[in-house]
Amino acid sequence: MNKLEADYTEAMKEAIAVNSLALPLFMNRKFKAVGVFLFAMLMQRHVQNPEEEWICAPIDDVVKTMGIKRTAQTTGFKRMIDAGLIEQRVSGNPPKRYFRFTPDCFEKLEPLAEE
């Protein structure tokens, strides 16, 4: 297997792992597709930089990369915060949003699929 094939295989493994973790949110109607996409984006960024505890997700960056508008982002992240899946902080100048998964995030995912 050449380097390109190996890199592609690794990227596909990451994508499958991230999407399978987001599946319980997809099955829960209150999260809608936007919440699932935002959760998957945070997971992907976490997988790419596992040493970083907080994941930077500036509003404009999410609009450019995913096409999710500010209001939809706010709603999607708020639903995840309310469900106890993530925490948010704002810091820097200009201010940027940072998120991290709560310690029990993954234990809370399965019951969400049943709601």
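Residues numbered from 1 in each chain as written. Predicted model: local features only at pLDDT ≥ 70, side-chain atom pairs only at ≥ 80, totals over all residues. Heavy atoms only, no water.

(A) Spatial organisation of the confidence of the model for the chain. Overall, the prediction assigns the chain a mean pLDDT of 80, with 71% of residues at 70 or greater. Here helix α1 (residues 3–27) stands out as the element of the chain with the lowest mean pLDDT, 59, in contrast to strand β2 (residues 86–91), whose mean of 95 is the highest. (pLDDT = per-residue confidence, 0-100. Helix = DSSP H or I, 4+ residues; strand = E, 2+ residues; numbered from the N terminus.)

(B) Summary view of the nonpolar core. Among the nonpolar cores identified, the biggest contains 18 residues, and Leu-42, Phe-77, Ile-86 and Phe-101 are the most heavily contacted of them. Secondary-structure elements contributing two or more residues to this core are α2 (32–48), α4 (70–82), β3 (96–101) and α5 (105–114). No other element matches α2, which puts 5 residues into this core. With residues up to four places along the chain from it excluded, the contact list for Leu-42 reads Ile-55, Ala-57, Phe-77, Ile-86, Phe-99 and Phe-101. (Core = buried A, V, L, I, M, F, W, Y, C linked by side-chain atoms within 4.5 Å. Buried < 20%, exposed > 50% of the residue type's maximum accessible area, 1.4 Å probe, protein only. Contact = heavy atoms within 4.5 Å.)

(C) Layout of α4. If you check α4, its first and last C-alpha atoms are 18 Å apart, about what 13 residues at 1.5 Å a residue would give, namely 18 Å. Among the residues making up α4, those that are buried are Gln-73, Gly-76, Phe-77 and Met-80. The arc that holds the buried residues of α4, viewed along the axis, is 90 degrees, so those residues lie on one side. Of the exposed residues in α4, those oriented more than 90 degrees away from the buried face are Thr-71 and Asp-82. The inward-facing, buried residues of α4 abut α2, α3 (59–66), β2 and β3. One or two steps after α4, the chain reaches Gly-84, where phi turns positive at roughly 80 degrees. (Expected span 1.5 Å × (residues − 1). Arc of directions from axis to C-beta.)

(D) Inspection of the packing of aromatic side chains at higher detail. The tally for this structure, following the rule as stated, stands at 2 aromatic pairs. Residues Phe-39 and Phe-101 carry aromatic rings whose centres are separated by 5.5 Å and whose planes lie at 75 degrees to one another, so their mutual orientation is edge-to-face. A residue pair is termed long-range when its members are at least 10 positions apart, and Phe-39 in helix α2 and Phe-101 in strand β3 qualify at 62 residues. On the basis of relative accessibility, which here comes to 0%, the residue Phe-39 falls in the buried class. Measuring from ring centre to ring centre gives 4.0 Å for Phe-77 and Phe-99, while their planes differ by 20 degrees; the resulting arrangement is stacked. Taken as a pair, Phe-77 in helix α4 and Phe-99 in strand β3 lie far apart in primary sequence, 22 residues in all. On the basis of relative accessible area, Phe-77 is assigned to the buried category, the value being 2%. With a relative accessible area of 1%, Phe-99 lands in the buried category. For the cation-ring pair, Arg-89 lies above Tyr-98, with the distance from its terminal atom to the ring centre recorded as 4.9 Å. (Phe/Tyr/Trp six-rings, centres within 6.5 Å; stacked < 30°, edge-to-face > 60°. Lys NZ or Arg CZ within 6 Å of the ring centre and 35° of its normal.)

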